[in-house]
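For reference, the chains in residue letters:
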Amino acid sequence: MSMCLVLTLHTCSMVSPREELVLDRSQVKKAVQALQAYIKSNSSSQKLFQNEGQVVSLLFTQWKIPKKEQIIRIPLPHALRTESGDVCLFTKDEPNMTTEQTRRFYKKLLTERGVKHVIEVIPFKMLKTEYKPFEAKKRLLGNFDLFLADARIRRRLPSQIGKHFYLRKKSPLSVNLESKHLARYMERLIHGTTISVSNKGSCCMARVAHSGMTADEIVENVITAVSTISSKLATTGTNIKIIHLKSETSVALPIYTSDLSHVQLLEEAQKKARLTKGAQKRKKENEKTEVSELITKETEKDKDGEEEEIPQLVPIETPAKKPKQEGISKKGLKKAPKPAGKGLKKTVKDKKLAKITQNLT
């Protein structure tokens, strides 16, 4: 059965950045009633409607792709899951306890703190051993709708559960099990929902209700979710282009669309952000140049002071001229008398010769 609806689109006036979007309640209620009528008229979805199987979601389309990924937690006034819903909690391994004892310990802790929701507890050691094969992880992913994780082991989970939990938008939400208000905190997580804003596309989706709710309950959840998402988006609320409401099998019904003034406002906000960023950058550069100039001036002053200092007078010793000393020594050697030893030897020789000559004569 095709779904033909004529809905008047609600355009919102210009809003400032980070301001919550305000929807037209009558417009949202018309879309919800049309969606419920379509689900009832469809025979295949009527059984799902009785079993609360049809999920009602919000589809957000943004003007520009966000620069950062973001996960937004959305508390809802009416619970998205019943008390018998499938929720799994990954816990820390308690020392000196077996896996079964750890499970009993945390189940007892949850009941003592007043948590009424039925939660399946899986210790970290059990996750590493029993759910190590890929098929076991796949079954675990399909058996539970929501996954919670003890804040003390949340950083260790990605290497154990694999990437499929994150691709299916079922990444475990962090829970502080040592909190005094654990019951209220767990109820907000279980009864609420989350939306993951990706930086790879301009569309994102959040589950906000199911077909078993009344029209007024769905409307309240939708309005609360839109106001929360528009106020917590990393960019601005004005980046939202159009919002659709749909079920698993129906067409998307528009409940909000922005006019072109939002694009102008978004561009102006981005221009102001760029200008302020540029001004801050220029200010930092000016400060750096001023500091460098001060340093150069100080160094120049130090150099000038060093040059102006009067040097101390130190007597300079003139070295003796080597050529004169050598000449004097040579002359001295020439004028020096011959040693007496040589003369004695000659006189002795003369005497001997004279004796020899006398004997011969």
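The name an unreviewed UniProt entry assigns to the protein chain is Ribosomal L1 domain-containing protein 1, from the organism Culter alburnus. As recorded by UniProt, the Function (unreviewed entry) comment attached to the protein chain reads in full: "Regulates cellular senescence through inhibition of PTEN translation. Acts as a pro-apoptotic regulator in response to DNA damage." Under the heading Subcellular location (unreviewed entry), UniProt records this for the protein chain: "Nucleus, Nucleolus".

Undergrad: When you look at the sheet that holds strand E6 (residues 146-150) in this model, what are you seeing that I'm missing?
TA: Either a parallel or an antiparallel arrangement is found when strands of a sheet pair, and the pairing is made through backbone hydrogen bonds. Within the open sheet, the four strands sit side by side as E5-E4-E6-E7. Their pairing is parallel. Strand pairing shows two members of the sheet lacking a second neighbour, strand E5 (120-123) and strand E7 (173-175), which therefore form its edges. With strand direction ignored, the average angle separating the axes of adjacent strands in the sheet is 30 degrees. Contacts between helix H8 (residues 182-191) and the sheet are confined to strand E4 (87-91), E6 and E7, with E7 contributing the most and set at about 170 degrees to the helix.

Undergrad: Please explain the side chain of Ser 230 as it appears in this structure.
TA: For Ser 230, the location among the structural elements is in helix H9 (residues 215-232). Here Ser 230 falls in the buried class, since its relative accessible area comes to 1%. Side-chain polar atoms of Ser 230 contact the backbone oxygen of Val 226, separated by 2.9 Å.

Undergrad: Explain empty space enclosed by the protein here, please?
TA: Rolled over the atoms, a probe as big as a water molecule pinpoints where empty space is left. Counted by the stated rule, this structure contains one cavity of 30 Å³ or more. Along its surface, the largest cavity is lined by Val 32, Leu 35, Gln 36, Ile 39, Val 56, Ser 211 and Ile 218. A per-element tally of the lining of the largest cavity places helix H1 (residues 25-41) first, with four residues. Class assignment for the residues of the lining of the largest cavity results in five nonpolar, two polar and no charged.

Undergrad: For this particular structure, what's the right way to read the nonpolar core?
TA: Note that soluble globular proteins tend to have their nonpolar side chains buried in a common cluster. Residues Leu 58, Phe 60, Val 222, Leu 245 and Ile 255 are the most contacted members of the largest nonpolar core, which totals 35 residues. When contributions to this core are tallied by element, the ones reaching two or more residues are H1, strand E2 (55-62), strand E3 (70-74), strand E8 (193-197), strand E9 (203-210), H9, strand E10 (240-246) and strand E11 (253-258). For this core, the element with the most residues is H9, which contributes seven residues. Counting residues in hydrophobic clusters, the runner-up holds 18 residues, among them Leu 89, Ile 119, Leu 177 and Met 186.

Undergrad: Before we go on, may I ask you to explain the pairing of E6 in this structure?
TA: Counting buried positions along E6 gives five out of five residues, so the element sits mostly inside the fold. Because side chains alternate across E6, one face comprises the buried residues Leu 146, Leu 148 and Asp 150, and the other comprises Phe 147 and Ala 149, equally buried. Pairing of E4 with E6, which is carried by four bridges, proceeds in the parallel orientation. Counterpart to Val 87 in the pairing with E6 is Leu 146.

Conventions adopted
- Residues numbered from 1 in each chain as written.
- Predicted model: local features only at pLDDT ≥ 70, side-chain atom pairs only at ≥ 80, totals over all residues.
- Heavy atoms only, no water.
- UniProt positions renumbered as here; feature names shortened; annotations may be inferred.
- Pairing = 2+ DSSP bridges.
- Helix = DSSP H or I, 4+ residues; strand = E, 2+ residues; numbered from the N terminus.
- Axes fitted to C-alpha atoms, helices over the stretch in contact; angles between N-to-C directions.
- Contact = heavy atoms within 4.5 Å.
- Buried < 20%, exposed > 50% of the residue type's maximum accessible area, 1.4 Å probe, protein only.
- Polar contact = N/O pair within 3.5 Å; in protein donor to acceptor, adjacent residues only side chain to side chain.
- 1 Å grid on protein atoms, 1.4 Å probe; cavity = no way out; pocket = protein on both sides within 12 Å on 5 of 7 lines; lining within 4 Å.
- Points joined across faces, edges and corners; volume = space filled by probe spheres on them.
- Nonpolar A, V, L, I, M, F, W, Y, C, P; charged D, E, K, R; others polar.
- Core = buried A, V, L, I, M, F, W, Y, C linked by side-chain atoms within 4.5 Å.

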